[in-house]
Amino acid sequence: MQEINTDWKNEISEVIVNIARLMVRIIGKTIDEETRKESLLMRFAIKIEGRRLQKEMSPYIGAAVMLAFEGKEPEEGKLANILHEAGITPDHRMLSFASSLKFKASVVYAPALYFLRVSRKSDSLENLMKAVKAIGVEPDEHIARGVMALDAELTNGTKVSAMQQDLDASLKPASDMMAKFMLMELNRTFEKGDINNYINKGFIPYLAAVGTLVYAGRDINIEGEESFLAGIANLVSSIGIARNDEMLSYIKSFNYGNTALSYVPPIAYIKSLGKEPTIQIITKLLEIIGIPYDESLAGYAIAQFV
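All figures in this text were calculated on a predicted structure; none of them were measured in a lab. (Residues numbered from 1 in each chain as written. Predicted model: local features only at pLDDT ≥ 70, side-chain atom pairs only at ≥ 80, totals over all residues. Heavy atoms only, no water.)

### A short note on the packing of helix 3 (residues 76-85) against helix 16 (residues 279-289)
Rules: For helices, the fitted line uses only the C-alpha atoms of the stretch in contact; every axis is such a line through C-alpha atoms, and the angle between N-to-C directions lies from 0 to 180 degrees. Helix and strand definitions follow DSSP, with helices as H or I runs of at least four residues and strands as E runs of at least two, each counted in order from the N terminus. Oblique is the label for any angle not under 35 degrees, not over 145, and not in the 65 to 115 range, which are roughly parallel, roughly antiparallel and roughly perpendicular in turn. Should any heavy atoms of two residues lie within 4.5 Å, those residues are counted as being in contact. Gly is placed with the polar residues, together with every amino acid not listed as nonpolar (Ala, Val, Leu, Ile, Met, Phe, Trp, Tyr, Cys and Pro) or charged (Asp, Glu, Lys and Arg).
Their axes nearest at 10 Å, the elements helix 3 and helix 16 cross at an angle of 170 degrees. When the axis of helix 3 is compared with that of helix 16, the two are roughly antiparallel. Across the interface between the two elements, Lys78, Asn81, Ile82 and Glu85 of helix 3 pack against Ile281, Lys284, Leu285, Ile288 and Ile289 of helix 16. Tallied by class, the residues present in the contact of helix 3 with helix 16 amount to 5 nonpolar, 1 polar and 3 charged.

### Re the side chain of Thr30
Structurally, the position occupied by Thr30 is in helix 1 (residues 2-37). Excluding residues within four positions of it along the chain, Thr30 makes contact with Leu101, Phe103 and Ser106.

### Regarding the environment of Pro111
To keep things clear, this is the line we draw: Burial classification: accessible surface area is computed with a 1.4 Å probe over protein chains only, and a residue below 20% of its type maximum counts as buried, one above 50% as exposed, and the rest as partly exposed.
Relative to the elements of secondary structure, Pro111 occurs in helix 6 (residues 109-118). Note on Pro111: relative accessible area 0%, which makes it buried. Each C-alpha atom of the pair Pro111 and Leu101 lies 19 Å from the other, and the pair is 10 residues apart in sequence. For Pro111, the residues in contact, after removing those within four places along its chain, are Ile19, Thr212, Tyr215 and Ala216.

### As for the packing of aromatic side chains
Note the threshold: Pairing of aromatic side chains requires ring centres within 6.5 Å, counting the rings of Phe and Tyr and the six-membered ring of Trp. Pairs whose planes differ by under 30 degrees are stacked, by over 60 edge-to-face, and all others tilted. We count a charge as sitting over a ring when the NZ of a lysine or the CZ of an arginine lies within 6 Å of the ring centre and within 35 degrees of the ring normal.
A complete count under the given rule lists 5 aromatic pairs for this structure. Here Phe203 and Phe254 contribute two aromatic rings whose centre-to-centre distance is 6.3 Å and whose plane-to-plane angle is 20 degrees, an arrangement assigned as stacked. One end of the pair, Phe203, is in the loop between helix 10 (195-200) and helix 11 (204-215); the other, Phe254, is in the loop between helix 14 (245-252) and helix 15 (264-272), and 51 residues separate them in sequence. Overall, Phe254 belongs to the buried group, its relative accessible area being 3%. With centroids separated by 5.0 Å and ring planes inclined at 80 degrees, the aromatic side chains of Tyr250 and Phe254 adopt a geometry described as edge-to-face. The buried category is assigned to Tyr250, whose relative accessible area is 4%. An aromatic cluster of three or more residues is present, and its members are Tyr198, Phe203, Tyr250, Phe254 and Tyr256. Taking NZ or CZ as reference, Lys192 lies 4.6 Å from the ring centre of Phe254, over its face. Its guanidinium or amino end placed over the ring of Tyr198, Lys201 lies 5.2 Å from that ring's centre, counting from NZ or CZ.

Right, dumping it as structure tokens:
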């Protein structure tokens with residue numbers, strides 16, 4: 001029995017890291033594409049001013065990335081409030097650019113793709129779009145094909161542009177922190193004494209669905225337990241697995257809602273600005289984003305991830 005436990009734990013651990021890598025690549029690609037869409041004047045400024053301008057833009061892009069990891073779109077108002085809280089007076093041009101970075105619509109494809117693989121289902125275009133729709137995002141074939149191509153790039157070690165490499169490197173700390181948290185939760189899950197019994201009953205797709213929804217920005221504390229469990233049931237149903245109330249009840253027993261995940265993106269953002277995260281600034285950022293918080297949990301998250 002223990003061998004099954006170890007094999008699945010190792011596989012899912014690798015998947016968690018790969019999802020984070022793919023999400024970073026999707027975000028980086030989006031930034032690269034949106035930069036190319038900018039006016040000739042803006043592109044000329046980026047080319048001439050180079051790293052200095054990139055450095056000035058990084059707090060804006062970082063704020064948009066933080067919102068994406070929280071399952072939110074980069075609305076200008078929220079971005080401006082986040083920047084003010086970080087001690088930055090927003091520049092309208094850069095604020096406008098950051099608000100164009102619609103990551104949320106594309107990053108959900110990364111966990112959805114790996115959900116199919118962990119569940120031993122074909123990672124076809126059709127199945128990927130079904131899974132994304134079940135998550136709660138209107139699927140887009142163009143985005144789906146693009147994400148599959150990026151995943152192939154990572155798998156094959158395809159060389160990317162210098163700008164993409166820089167973007168990957170700048171986004172890596174935040175994604176590493178997200179992956180670390182997910183791995184902590186995975187370890188806690190596999191410490192439960194009866195886990196192998198449930199794995200043999202078909203628990204893995206349900207466990208994978210939990211991680212998929214969390215990576216996609218679904219928060220059990222915001223939408224409520226019943227809605228979140230319904231989301232899990234919808235996701236597994238999208239790949240032809242019937243709802244199993246025993247598995248859903250087992251998921252309840254892990255108390256996944258009381259976790260530090262929502263605190264990780266703000267911590268990573270503040271650290272990216274070269275500042276020390278504090279309970280006050282982290283909870284203020286969550287308030288701006290619209291996410292419930294607990295000061296003691298914020299303190300725990302800072303201690304874990306700093």
